[in-house]
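What follows is each chain in one-letter form.
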Amino acid sequence: MDVANLTPKQRRVKQIWGMLALCICGAAVYELPYLSWSYYDAAVEFYRVSNAQMGYLMTMYGLACVISYLPAGWVADKFQARHLIATALVSTGIFGLILTFRPPYVVLMICYVCYGFTTTIPLWSAMMKATRELGDSSEMGRLYGFLEGGRGFVPVLYGAVIIPIFSYLGEGAGGFRAILIYFVILDFVCAFFALGAIRKLRPDEEETQETGTKHKHSFAEYLDMMKNKNLWLLTLLMFCCFMIYESYSYITPYLTNFFGVSESLGAMISLIKSYGLAVFGGIAAGFVADKIHSNPKVIGIGFSLMVIGIATFFVVPAEPKLLGIAAVTILVISLGLFMVRALYFAVIDEIKIPLKYTGMAVGFASVIGCLPQIFIYSITGNLLDAFPGIRGYRYMFAYEFAAALIGAVLAFTLYRNIKKENSKNA
(Lines give C-alpha, C1' and ligand atoms only; values in the text may rest on other atoms or scores of the structure.)
Protein backbone atom coordinates (compact mmCIF):
# COMPACT_ATOMS: atom_id res chain seq x y z
CA MET A 1 0.00 0.00 0.00
CA ASP A 2 1.40 3.40 -1.02
CA VAL A 3 0.60 5.64 1.95
CA ALA A 4 1.76 8.77 0.14
CA ASN A 5 -0.90 8.39 -2.57
CA LEU A 6 -3.86 8.12 -0.19
CA THR A 7 -6.29 11.04 -0.18
CA PRO A 8 -7.13 12.53 3.24
CA LYS A 9 -10.54 10.86 3.09
CA GLN A 10 -9.08 7.45 2.22
CA ARG A 11 -6.54 7.78 5.00
CA ARG A 12 -9.23 8.71 7.52
CA VAL A 13 -11.41 5.74 6.53
CA LYS A 14 -8.51 3.33 6.85
CA GLN A 15 -7.54 4.92 10.15
CA ILE A 16 -11.06 4.45 11.54
CA TRP A 17 -11.27 0.82 10.40
CA GLY A 18 -7.82 0.10 11.78
CA MET A 19 -8.62 1.63 15.15
CA LEU A 20 -11.96 -0.20 15.30
CA ALA A 21 -10.21 -3.51 14.63
CA LEU A 22 -7.54 -2.83 17.25
CA CYS A 23 -10.21 -1.99 19.85
CA ILE A 24 -12.41 -5.00 19.11
CA CYS A 25 -9.57 -7.50 18.79
CA GLY A 26 -7.48 -5.99 21.58
CA ALA A 27 -10.43 -6.36 23.95
CA ALA A 28 -11.48 -9.85 22.87
CA VAL A 29 -8.08 -11.48 23.26
CA TYR A 30 -7.75 -10.51 26.95
CA GLU A 31 -11.22 -11.62 28.04
CA LEU A 32 -10.31 -15.28 28.54
CA PRO A 33 -7.25 -14.85 30.81
CA TYR A 34 -8.96 -12.08 32.79
CA LEU A 35 -12.40 -13.66 33.31
CA SER A 36 -11.76 -13.82 37.06
CA TRP A 37 -11.86 -10.01 37.12
CA SER A 38 -15.59 -9.91 36.50
CA TYR A 39 -16.61 -13.45 37.48
CA TYR A 40 -14.22 -14.18 40.33
CA ASP A 41 -16.45 -16.33 42.54
CA ALA A 42 -17.81 -18.30 39.57
CA ALA A 43 -14.27 -18.86 38.25
CA VAL A 44 -13.10 -20.20 41.62
CA GLU A 45 -16.10 -22.55 41.71
CA PHE A 46 -15.69 -23.75 38.11
CA TYR A 47 -11.95 -24.32 38.39
CA ARG A 48 -12.36 -25.83 41.91
CA VAL A 49 -9.54 -23.73 43.36
CA SER A 50 -8.86 -21.61 46.47
CA ASN A 51 -8.15 -17.87 46.51
CA ALA A 52 -4.43 -18.65 46.73
CA GLN A 53 -4.58 -21.12 43.82
CA MET A 54 -6.49 -18.60 41.70
CA GLY A 55 -3.77 -16.12 42.58
CA TYR A 56 -1.08 -18.58 41.47
CA LEU A 57 -2.83 -19.05 38.11
CA MET A 58 -2.75 -15.31 37.48
CA THR A 59 0.83 -15.15 38.76
CA MET A 60 1.95 -17.75 36.23
CA TYR A 61 0.05 -15.89 33.52
CA GLY A 62 1.82 -12.69 34.53
CA LEU A 63 5.22 -14.40 34.63
CA ALA A 64 4.71 -15.74 31.12
CA CYS A 65 3.70 -12.25 29.96
CA VAL A 66 6.77 -10.60 31.45
CA ILE A 67 9.08 -13.23 29.91
CA SER A 68 7.40 -12.57 26.56
CA TYR A 69 7.50 -8.76 26.44
CA LEU A 70 11.02 -8.38 25.05
CA PRO A 71 10.65 -11.00 22.28
CA ALA A 72 7.25 -9.44 21.57
CA GLY A 73 9.02 -6.18 20.78
CA TRP A 74 11.43 -7.87 18.38
CA VAL A 75 8.57 -9.74 16.67
CA ALA A 76 6.51 -6.54 16.31
CA ASP A 77 9.38 -4.78 14.53
CA LYS A 78 9.86 -7.73 12.13
CA PHE A 79 6.34 -8.81 11.09
CA GLN A 80 3.06 -7.20 10.07
CA ALA A 81 0.78 -6.33 12.97
CA ARG A 82 -2.38 -7.78 11.44
CA HIS A 83 -0.82 -11.23 11.05
CA LEU A 84 0.50 -11.18 14.61
CA ILE A 85 -2.80 -10.04 16.14
CA ALA A 86 -4.77 -12.72 14.27
CA THR A 87 -2.31 -15.34 15.52
CA ALA A 88 -2.80 -14.14 19.09
CA LEU A 89 -6.58 -14.42 18.85
CA VAL A 90 -6.63 -17.94 17.39
CA SER A 91 -4.04 -19.39 19.77
CA THR A 92 -5.68 -17.83 22.85
CA GLY A 93 -9.06 -19.19 21.77
CA ILE A 94 -7.62 -22.71 21.50
CA PHE A 95 -6.43 -22.72 25.11
CA GLY A 96 -9.74 -21.24 26.23
CA LEU A 97 -11.48 -24.15 24.53
CA ILE A 98 -9.40 -26.59 26.59
CA LEU A 99 -10.57 -24.90 29.80
CA THR A 100 -14.23 -25.52 28.95
CA PHE A 101 -13.62 -29.20 29.75
CA ARG A 102 -12.83 -28.28 33.38
CA PRO A 103 -9.36 -29.86 33.43
CA PRO A 104 -7.29 -30.61 36.58
CA TYR A 105 -5.25 -27.86 38.22
CA VAL A 106 -1.96 -28.76 36.50
CA VAL A 107 -3.63 -28.34 33.08
CA LEU A 108 -5.19 -25.08 34.26
CA MET A 109 -1.72 -23.86 35.15
CA ILE A 110 -0.33 -24.85 31.74
CA CYS A 111 -3.18 -23.08 29.93
CA TYR A 112 -2.66 -19.87 31.92
CA VAL A 113 1.06 -19.94 31.14
CA CYS A 114 0.20 -20.40 27.45
CA TYR A 115 -2.28 -17.51 27.74
CA GLY A 116 0.68 -15.37 28.78
CA PHE A 117 2.63 -16.30 25.65
CA THR A 118 -0.29 -16.01 23.21
CA THR A 119 -1.53 -12.63 24.47
CA THR A 120 1.97 -11.12 24.55
CA ILE A 121 4.47 -12.37 21.96
CA PRO A 122 2.24 -11.96 18.90
CA LEU A 123 0.03 -9.21 20.31
CA TRP A 124 1.23 -6.70 22.90
CA SER A 125 3.93 -4.72 21.10
CA ALA A 126 2.26 -5.31 17.72
CA MET A 127 -0.96 -3.69 18.95
CA MET A 128 0.88 -0.67 20.37
CA LYS A 129 3.03 -0.24 17.26
CA ALA A 130 -0.01 -0.62 14.99
CA THR A 131 -1.68 2.23 16.90
CA ARG A 132 1.33 4.50 16.41
CA GLU A 133 1.38 3.59 12.70
CA LEU A 134 -2.16 4.94 12.26
CA GLY A 135 -1.27 8.62 12.67
CA ASP A 136 1.36 11.33 13.06
CA SER A 137 2.81 12.86 16.22
CA SER A 138 -0.03 15.34 16.67
CA GLU A 139 -2.54 12.48 16.94
CA MET A 140 -0.82 10.18 19.44
CA GLY A 141 -2.83 11.16 22.50
CA ARG A 142 -6.21 10.65 20.88
CA LEU A 143 -5.16 7.46 19.05
CA TYR A 144 -3.91 5.76 22.19
CA GLY A 145 -6.85 7.26 24.07
CA PHE A 146 -9.25 5.71 21.57
CA LEU A 147 -7.40 2.39 21.84
CA GLU A 148 -7.84 2.31 25.61
CA GLY A 149 -11.34 3.73 25.44
CA GLY A 150 -12.40 1.37 22.68
CA ARG A 151 -10.90 -1.64 24.44
CA GLY A 152 -12.88 -0.48 27.46
CA PHE A 153 -16.19 0.07 25.70
CA VAL A 154 -16.24 -3.12 23.63
CA PRO A 155 -16.13 -5.50 26.65
CA VAL A 156 -19.18 -3.72 28.06
CA LEU A 157 -21.01 -4.82 24.91
CA TYR A 158 -19.62 -8.32 25.31
CA GLY A 159 -20.81 -8.34 28.91
CA ALA A 160 -24.24 -7.01 28.01
CA VAL A 161 -24.74 -10.15 25.92
CA ILE A 162 -23.30 -12.74 28.31
CA ILE A 163 -24.27 -11.47 31.79
CA PRO A 164 -28.03 -12.18 31.35
CA ILE A 165 -27.12 -15.71 30.22
CA PHE A 166 -24.76 -16.09 33.18
CA SER A 167 -27.51 -14.97 35.55
CA TYR A 168 -30.07 -17.27 33.92
CA LEU A 169 -27.76 -20.28 34.33
CA GLY A 170 -27.41 -19.64 38.07
CA GLU A 171 -24.23 -17.54 38.35
CA GLY A 172 -22.16 -20.64 39.05
CA ALA A 173 -20.04 -23.23 37.25
CA GLY A 174 -22.58 -23.80 34.46
CA GLY A 175 -22.80 -20.12 33.69
CA PHE A 176 -19.02 -19.79 33.70
CA ARG A 177 -18.63 -22.57 31.11
CA ALA A 178 -21.04 -20.69 28.84
CA ILE A 179 -18.90 -17.57 29.24
CA LEU A 180 -15.77 -19.50 28.24
CA ILE A 181 -17.41 -20.88 25.09
CA TYR A 182 -18.72 -17.41 24.19
CA PHE A 183 -15.28 -15.80 24.28
CA VAL A 184 -13.56 -18.70 22.49
CA ILE A 185 -15.89 -18.24 19.52
CA LEU A 186 -15.42 -14.47 19.68
CA ASP A 187 -11.63 -14.81 19.45
CA PHE A 188 -11.86 -16.93 16.31
CA VAL A 189 -14.24 -14.47 14.62
CA CYS A 190 -12.10 -11.44 15.53
CA ALA A 191 -9.01 -13.03 13.98
CA PHE A 192 -10.56 -12.65 10.51
CA PHE A 193 -11.46 -9.01 11.21
CA ALA A 194 -7.87 -8.24 12.23
CA LEU A 195 -6.51 -9.63 8.97
CA GLY A 196 -8.84 -7.49 6.88
CA ALA A 197 -8.86 -4.14 8.68
CA ILE A 198 -5.46 -3.38 10.25
CA ARG A 199 -3.07 -1.48 7.95
CA LYS A 200 0.05 0.70 8.29
CA LEU A 201 -0.54 4.39 7.47
CA ARG A 202 2.70 5.98 8.73
CA PRO A 203 6.05 5.23 7.04
CA ASP A 204 9.20 4.61 9.03
CA GLU A 205 11.60 7.54 9.16
CA GLU A 206 14.13 5.82 6.88
CA GLU A 207 11.45 5.09 4.28
CA THR A 208 10.95 8.82 3.70
CA GLN A 209 14.59 9.39 2.79
CA GLU A 210 15.40 10.03 -0.85
CA THR A 211 18.01 7.26 -0.96
CA GLY A 212 15.28 4.61 -0.92
CA THR A 213 17.48 2.30 1.18
CA LYS A 214 15.98 0.86 4.31
CA HIS A 215 18.09 1.06 7.45
CA LYS A 216 18.65 -2.27 9.21
CA HIS A 217 18.15 -2.58 12.96
CA SER A 218 21.27 -3.09 15.04
CA PHE A 219 21.73 -4.29 18.60
CA ALA A 220 23.88 -1.24 19.37
CA GLU A 221 21.00 1.06 18.45
CA TYR A 222 18.66 -0.91 20.70
CA LEU A 223 21.10 -0.44 23.57
CA ASP A 224 21.36 3.27 22.81
CA MET A 225 17.58 3.56 22.92
CA MET A 226 17.53 1.88 26.32
CA LYS A 227 19.84 4.58 27.70
CA ASN A 228 17.04 7.15 27.30
CA LYS A 229 16.34 8.32 30.87
CA ASN A 230 12.81 9.34 29.98
CA LEU A 231 12.10 5.81 28.73
CA TRP A 232 13.13 4.59 32.18
CA LEU A 233 10.79 7.06 33.87
CA LEU A 234 8.01 5.82 31.61
CA THR A 235 8.87 2.24 32.57
CA LEU A 236 8.71 2.98 36.30
CA LEU A 237 5.40 4.83 36.15
CA MET A 238 4.03 1.88 34.18
CA PHE A 239 5.14 -0.34 37.07
CA CYS A 240 3.16 1.83 39.49
CA CYS A 241 0.11 1.74 37.24
CA PHE A 242 0.22 -2.05 36.94
CA MET A 243 0.53 -2.39 40.73
CA ILE A 244 -2.93 -0.85 40.94
CA TYR A 245 -4.45 -2.26 37.76
CA GLU A 246 -3.54 -5.90 38.42
CA SER A 247 -4.96 -5.85 41.96
CA TYR A 248 -8.08 -3.92 41.03
CA SER A 249 -9.94 -7.12 40.14
CA TYR A 250 -10.35 -7.73 43.88
CA ILE A 251 -12.77 -4.82 44.10
CA THR A 252 -15.56 -7.15 42.89
CA PRO A 253 -15.29 -9.64 45.80
CA TYR A 254 -14.80 -6.65 48.12
CA LEU A 255 -18.22 -5.35 47.09
CA THR A 256 -19.94 -8.75 47.24
CA ASN A 257 -18.42 -9.63 50.64
CA PHE A 258 -18.89 -6.35 52.49
CA PHE A 259 -21.51 -4.24 50.67
CA GLY A 260 -24.15 -6.92 50.03
CA VAL A 261 -23.81 -6.81 46.23
CA SER A 262 -25.00 -9.87 44.23
CA GLU A 263 -22.60 -11.64 41.86
CA SER A 264 -24.45 -10.40 38.77
CA LEU A 265 -24.50 -6.80 40.02
CA GLY A 266 -20.86 -7.19 41.05
CA ALA A 267 -19.99 -8.34 37.53
CA MET A 268 -21.83 -5.36 36.05
CA ILE A 269 -20.05 -2.92 38.39
CA SER A 270 -16.78 -4.59 37.48
CA LEU A 271 -17.48 -4.10 33.77
CA ILE A 272 -18.27 -0.43 34.35
CA LYS A 273 -15.22 0.28 36.50
CA SER A 274 -12.83 -1.89 34.49
CA TYR A 275 -14.09 -1.07 31.01
CA GLY A 276 -16.81 1.57 30.99
CA LEU A 277 -14.58 4.20 32.62
CA ALA A 278 -11.88 3.39 30.08
CA VAL A 279 -14.14 4.90 27.42
CA PHE A 280 -14.50 8.30 29.05
CA GLY A 281 -11.16 8.35 30.86
CA GLY A 282 -9.11 7.07 27.93
CA ILE A 283 -10.67 9.12 25.15
CA ALA A 284 -10.97 12.32 27.18
CA ALA A 285 -7.38 11.99 28.39
CA GLY A 286 -6.17 11.56 24.81
CA PHE A 287 -7.90 14.68 23.52
CA VAL A 288 -6.74 16.75 26.51
CA ALA A 289 -3.15 15.52 26.09
CA ASP A 290 -3.12 16.50 22.40
CA LYS A 291 -4.68 19.85 23.27
CA ILE A 292 -2.08 20.77 25.90
CA HIS A 293 0.72 18.91 24.03
CA SER A 294 1.70 16.80 27.03
CA ASN A 295 0.85 13.19 27.78
CA PRO A 296 2.90 12.98 31.03
CA LYS A 297 1.03 15.93 32.57
CA VAL A 298 -2.34 14.21 32.06
CA ILE A 299 -0.85 10.97 33.40
CA GLY A 300 0.19 12.83 36.55
CA ILE A 301 -3.37 14.09 37.01
CA GLY A 302 -4.65 10.51 36.62
CA PHE A 303 -2.33 9.24 39.35
CA SER A 304 -3.44 12.10 41.60
CA LEU A 305 -7.08 11.05 41.22
CA MET A 306 -6.11 7.51 42.25
CA VAL A 307 -4.33 8.83 45.34
CA ILE A 308 -7.51 10.62 46.43
CA GLY A 309 -9.79 7.68 45.64
CA ILE A 310 -7.73 4.96 47.33
CA ALA A 311 -7.27 7.13 50.43
CA THR A 312 -11.07 7.31 50.70
CA PHE A 313 -11.30 3.53 51.22
CA PHE A 314 -9.41 3.96 54.50
CA VAL A 315 -12.02 6.44 55.70
CA VAL A 316 -15.31 4.93 54.44
CA PRO A 317 -16.48 1.88 56.50
CA ALA A 318 -17.25 -1.25 54.48
CA GLU A 319 -21.00 -1.36 55.14
CA PRO A 320 -23.96 -1.96 52.76
CA LYS A 321 -25.52 1.41 53.60
CA LEU A 322 -22.41 3.17 52.26
CA LEU A 323 -22.42 1.39 48.89
CA GLY A 324 -23.14 4.67 47.08
CA ILE A 325 -20.00 6.32 48.46
CA ALA A 326 -17.95 3.23 47.64
CA ALA A 327 -19.31 3.23 44.08
CA VAL A 328 -18.35 6.89 43.53
CA THR A 329 -14.88 6.20 44.94
CA ILE A 330 -14.45 3.30 42.53
CA LEU A 331 -15.43 5.57 39.64
CA VAL A 332 -12.82 8.17 40.64
CA ILE A 333 -10.07 5.54 40.90
CA SER A 334 -11.10 3.97 37.60
CA LEU A 335 -11.11 7.34 35.85
CA GLY A 336 -7.57 8.07 37.00
CA LEU A 337 -6.40 4.55 36.23
CA PHE A 338 -7.58 4.61 32.63
CA MET A 339 -6.27 8.13 32.06
CA VAL A 340 -2.84 6.70 32.85
CA ARG A 341 -3.28 3.46 30.90
CA ALA A 342 -4.48 5.33 27.83
CA LEU A 343 -1.43 7.52 27.53
CA TYR A 344 1.74 5.86 28.75
CA PHE A 345 2.63 4.44 25.32
CA ALA A 346 1.73 7.74 23.66
CA VAL A 347 4.75 9.10 25.57
CA ILE A 348 7.04 7.00 23.33
CA ASP A 349 6.43 9.45 20.50
CA GLU A 350 6.95 12.42 22.82
CA ILE A 351 10.36 11.18 24.01
CA LYS A 352 11.52 10.85 20.38
CA ILE A 353 11.78 7.06 20.03
CA PRO A 354 12.04 6.29 16.25
CA LEU A 355 8.99 4.57 14.78
CA LYS A 356 11.10 1.60 13.61
CA TYR A 357 11.97 0.85 17.26
CA THR A 358 8.46 1.20 18.67
CA GLY A 359 8.08 -2.53 19.22
CA MET A 360 11.34 -2.82 21.14
CA ALA A 361 10.57 0.30 23.19
CA VAL A 362 7.18 -1.11 24.16
CA GLY A 363 8.74 -4.50 24.92
CA PHE A 364 11.54 -3.02 27.01
CA ALA A 365 9.21 -0.80 29.04
CA SER A 366 6.79 -3.68 29.55
CA VAL A 367 9.40 -6.10 30.91
CA ILE A 368 9.79 -3.97 34.02
CA GLY A 369 6.57 -1.97 33.91
CA CYS A 370 4.36 -5.07 33.87
CA LEU A 371 6.29 -7.01 36.54
CA PRO A 372 3.36 -6.72 39.01
CA GLN A 373 1.59 -9.30 36.84
CA ILE A 374 3.96 -11.84 38.36
CA PHE A 375 3.48 -11.21 42.06
CA ILE A 376 0.36 -9.12 42.73
CA TYR A 377 -2.18 -11.94 42.47
CA SER A 378 -0.21 -14.30 44.68
CA ILE A 379 0.45 -11.62 47.28
CA THR A 380 -3.14 -10.41 47.36
CA GLY A 381 -4.65 -13.90 47.25
CA ASN A 382 -2.50 -15.00 50.18
CA LEU A 383 -3.26 -11.81 52.08
CA LEU A 384 -7.01 -12.43 51.74
CA ASP A 385 -6.58 -16.03 52.90
CA ALA A 386 -4.23 -15.13 55.78
CA PHE A 387 -6.25 -12.12 56.97
CA PRO A 388 -9.96 -12.88 56.48
CA GLY A 389 -12.35 -9.97 56.47
CA ILE A 390 -11.56 -6.32 55.94
CA ARG A 391 -7.95 -6.49 57.16
CA GLY A 392 -6.63 -8.25 54.04
CA TYR A 393 -8.24 -5.61 51.82
CA ARG A 394 -6.74 -2.82 53.92
CA TYR A 395 -3.27 -4.17 53.17
CA MET A 396 -4.15 -4.24 49.47
CA PHE A 397 -5.30 -0.61 49.54
CA ALA A 398 -2.08 0.37 51.33
CA TYR A 399 0.23 -0.77 48.55
CA GLU A 400 -2.11 0.66 45.92
CA PHE A 401 -1.95 4.06 47.61
CA ALA A 402 1.86 4.00 47.71
CA ALA A 403 2.02 3.06 44.02
CA ALA A 404 -0.34 5.88 43.03
CA LEU A 405 1.66 8.46 44.98
CA ILE A 406 5.00 7.38 43.50
CA GLY A 407 3.45 7.25 40.03
CA ALA A 408 2.30 10.86 40.31
CA VAL A 409 5.82 12.01 41.23
CA LEU A 410 7.35 10.09 38.31
CA ALA A 411 4.82 11.45 35.80
CA PHE A 412 5.36 15.08 36.74
CA THR A 413 9.15 14.51 36.68
CA LEU A 414 8.84 13.13 33.15
CA TYR A 415 6.73 16.15 32.17
CA ARG A 416 9.39 18.50 33.50
CA ASN A 417 12.20 16.64 31.67
CA ILE A 418 10.42 16.74 28.32
CA LYS A 419 9.54 20.41 28.73
CA LYS A 420 13.17 21.23 29.51
CA GLU A 421 14.49 19.27 26.50
CA ASN A 422 11.98 20.88 24.16
CA SER A 423 13.05 24.32 25.39
CA LYS A 424 16.69 23.50 24.61
CA ASN A 425 15.83 22.38 21.09
CA ALA A 426 13.56 25.34 20.35
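Structure first, text after, so check above.
These figures come from a predicted structure and were not determined experimentally.

## Examining a nonpolar patch on the surface
Okay, step 1: Residues Val 161, Ile 165, Tyr 168 and Leu 169 make up a contiguous nonpolar surface patch of about 420 Å² in total accessible area.
Okay, step 2: Here Val 161 shows up in helix H8 (residues 140–168).

## Structural notes on the layout of surface pockets
Okay, step 1: Counted as a void, the second largest pocket has a volume near 460 Å³.
Okay, step 2: Along the wall of the second largest pocket there are 24 residues; nearest its centre are Ser 137, His 293, Ser 294, Asn 295 and Glu 350.
Okay, step 3: At the level of elements, H8, helix H13 (263–292), helix H14 (295–315), helix H16 (347–350) and helix H19 (390–425) are the ones that each hand at least two residues to the lining of the second largest pocket.
Okay, step 4: The element that contributes the greatest number of residues to the lining of the second largest pocket is H19, accounting for five residues.
Okay, step 5: For the lining of the second largest pocket, the per-class residue count stands at eight nonpolar, seven polar and nine charged.

## Examining the nonpolar core
It is characteristic of soluble globular proteins that their nonpolar side chains tend to be buried jointly.
Okay, step 1: Among the nonpolar cores identified, the biggest contains 144 residues, and Tyr 47, Phe 303 and Tyr 344 are the most heavily contacted of them.
Okay, step 2: When neighbours within four sequence positions are excluded, Tyr 47 is seen to be in contact with Met 54, Leu 99, Leu 108, Tyr 112, Phe 176 and Leu 180.

## Some thoughts on the pattern of salt bridges
Note that side chains of opposite charge can pair when their charged atoms are close.
Okay, step 1: Applying the stated criterion across every chain, the model contains seven salt bridges.
Okay, step 2: Notably, a salt bridge pairs Glu 139 with Arg 12, separated by 3.9 Å at the nearest N-O pair. On the criterion of sequence distance, the pair formed by Glu 139 in the loop between helix H7 (124–132) and H8 and Arg 12 in helix H1 (residues 8–31) is long-range, its members being 127 residues apart.
Okay, step 3: Judged by relative accessible area, which is 7%, Glu 139 ranks as buried.
Okay, step 4: Here Arg 12 falls in the partly exposed class, since its relative accessible area comes to 41%.
Okay, step 5: Lys 129 is paired through a salt bridge with Asp 77; the nearest N and O atoms lie 2.9 Å apart. In this pair, Lys 129 sits in helix H7 while Asp 77 sits in helix H4 (residues 51–78), placing the two residues 52 residues apart along the sequence.
Okay, step 6: The class for Asp 77 is buried, based on a relative accessible area of 12%.
Okay, step 7: Where salt bridges share partners, they join Arg 11, Arg 12 and Glu 139 into one cluster.

What counts, and where the lines are drawn
- Residues numbered from 1 in each chain as written.
- Predicted model: local features only at pLDDT ≥ 70, side-chain atom pairs only at ≥ 80, totals over all residues.
- Heavy atoms only, no water.
- Patch = residues over 30% accessible without salt bridge, like charges linked within 9 Å, V, L, I, M, F, W, Y side chains within 5 Å.
- Areas by Shrake-Rupley, 256 points an atom, 1.4 Å probe, with all protein chains shown as cover.
- Salt bridge = Lys/Arg side-chain N within 4 Å of Asp/Glu carboxyl O.
- Helix = DSSP H or I, 4+ residues; strand = E, 2+ residues; numbered from the N terminus.
- 1 Å grid on protein atoms, 1.4 Å probe; cavity = no way out; pocket = protein on both sides within 12 Å on 5 of 7 lines; lining within 4 Å.
- Points joined across faces, edges and corners; volume = space filled by probe spheres on them.
- Nonpolar A, V, L, I, M, F, W, Y, C, P; charged D, E, K, R; others polar.
- Core = buried A, V, L, I, M, F, W, Y, C linked by side-chain atoms within 4.5 Å.
- Buried < 20%, exposed > 50% of the residue type's maximum accessible area, 1.4 Å probe, protein only.
- Contact = heavy atoms within 4.5 Å.

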